[in-house]
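Chains, contacts and geometry: an overview
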Amino acid sequence: MSTKKPSTDLQLELRGDHQEIAVIRLSRPAKRNALNDGLILALRDLFDNLPATVRAAVIHGEGAHFCAGLDLGELQERDAGQGLHHSRMWHAALERVQYGPVPVIAALHGAVVGGGLELASACHIRVADASAFYALPEGSRGIFVGGGGSVRIPKLVGVACMTDMMLTGRVYNAEDGERAGFAQYLVPEGQAFDKALALAQRVAANAPLTNYALMHALPRIAEQPADQGFFTESLMAAIAQSAPEAKARVKAFLDGKANKVSKD
Ligand code: 1HE
């Protein structure tokens, strides 16, 4: 699997005055951005080699859908060992998304299904437009999730919701999906990318160490017993606040030079 040529189905574009936003596009619209092995490996390599200017990323899909999941055309007869390695390859790639160098915002539209939902759930923020729908057709295809979905998806919507989706083939539309917790933002059709980009610009303006703490410390703290979590939190807080950038930002507020918190 790892000897395949790099995929041309994944595009990277840098945006922003300092090339601080990476726009990552699944670019296989004829196959509804189904994720073949080449695309999964390209995703892994892309996150391993993001330019140092990048502070936040947006991932989206070309065409009418975000992603149709695993490329079923590649689902050849695998023995148990090969199936294990295939799933672990997905885990490695999506781990680079979740625990990579920068926060990733998924702009969702159309189908967000199977492995596409697993990819979306590895991102840090999900923005959906009104055309988005969510499903886990693995149940009806006689397979199981293999891209980390059984770990990440229940953290968004709960075990009961995921079990129901896989047992019954239930499809959530955009509105119900947002209510269930698949997406944090719901915007009119066609606006998910612009909203995700605007959020990425805000994220990119944060102190890098704060973003690092949110990506790497928070999910681990949330998994720890409370006593250990409190301790890890104190360590992370001490490290973050000792950074010169944190001191400069707090001083700017105290000098009346930084934005107040505002509900508008
Ligand atoms: C595909 C795939 C795919 C489309 N693998 N080729 N995922 C699924 O079970 C979802 C399967 N796909 C669909 O239900 C639909 O295609 C969609 C709802 C996503 C889109 O519908 P539509 O009408 O826009 O497109 P289409 O006509 O169904 O598909 C267009 C083409 O894309 C067609 O190929 P063509 O050569 O006949 O033009 C489809 O065969 C192809 N296509 N989806 C391969 N998924 C780590 S484990 C993860 C496990 C899973 O993700 S299982 C869930 C797989």
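Residues numbered from 1 in each chain as written. Predicted model: local features only at pLDDT ≥ 70, side-chain atom pairs only at ≥ 80, totals over all residues. Heavy atoms only, no water.

It is worth spelling out the site of the ligand at this point. In the vicinity of the ligand, 23 residues are found, and the nearest of them are Lys 31, Ala 68, Leu 72, Gly 115 and Arg 141. Ala 30 places a polar main-chain atom, nitrogen or oxygen, 3.3 Å from an oxygen atom of the ligand. Here Lys 31 contributes a side-chain N or O atom positioned 2.6 Å from an oxygen atom of the ligand. Isolated, the ligand exposes 1000 Å² of accessible area, and the fraction of that covered by the protein chains is 66%. Broken down by secondary-structure element, the contributors of at least two residues to the shell around the ligand are β5 (111-113), α3 (115-122) and α4 (138-141). Residues that form the shell around the ligand fall into these classes: ten nonpolar, seven polar and six charged. (Near = heavy atom within 4 Å. Polar contact = N/O pair within 3.5 Å; in protein donor to acceptor, adjacent residues only side chain to side chain. Areas by Shrake-Rupley, 256 points an atom, 1.4 Å probe, with all protein chains shown as cover. Helix = DSSP H or I, 4+ residues; strand = E, 2+ residues; numbered from the N terminus. Nonpolar A, V, L, I, M, F, W, Y, C, P; charged D, E, K, R; others polar.)

Our focus in this paragraph is the confidence of the model for the chain. Caution is warranted with low-pLDDT regions, since their predicted coordinates should not be read in detail. Considering every residue of the chain, the mean pLDDT works out to 95; 98% of them sit at 70 or more. Per-element averaging of pLDDT across the chain places α4 at the bottom with 90 and strand β4 (residues 104-108) at the top with 99. (pLDDT = per-residue confidence, 0-100.)

All right, on to the packing of aromatic side chains then. Within a pair of aromatic rings, the relevant descriptors are the distance that separates the centres and the angle that separates the planes. Taken as a whole and judged by the stated rule, the model has two aromatic pairs. With 4.7 Å between their ring centres and 10° between their planes, Tyr 134 and Phe 182 make a pair best called stacked. Of this pair, Tyr 134 sits in strand β7 (residues 133-135) while Phe 182 sits in the loop between α7 (174-180) and β9 (185-187), and the two are 48 residues apart along the sequence. An identical accessibility class is assigned to Tyr 134 and Phe 182; each is buried. (Phe/Tyr/Trp six-rings, centres within 6.5 Å; stacked < 30°, edge-to-face > 60°. Buried < 20%, exposed > 50% of the residue type's maximum accessible area, 1.4 Å probe, protein only.)

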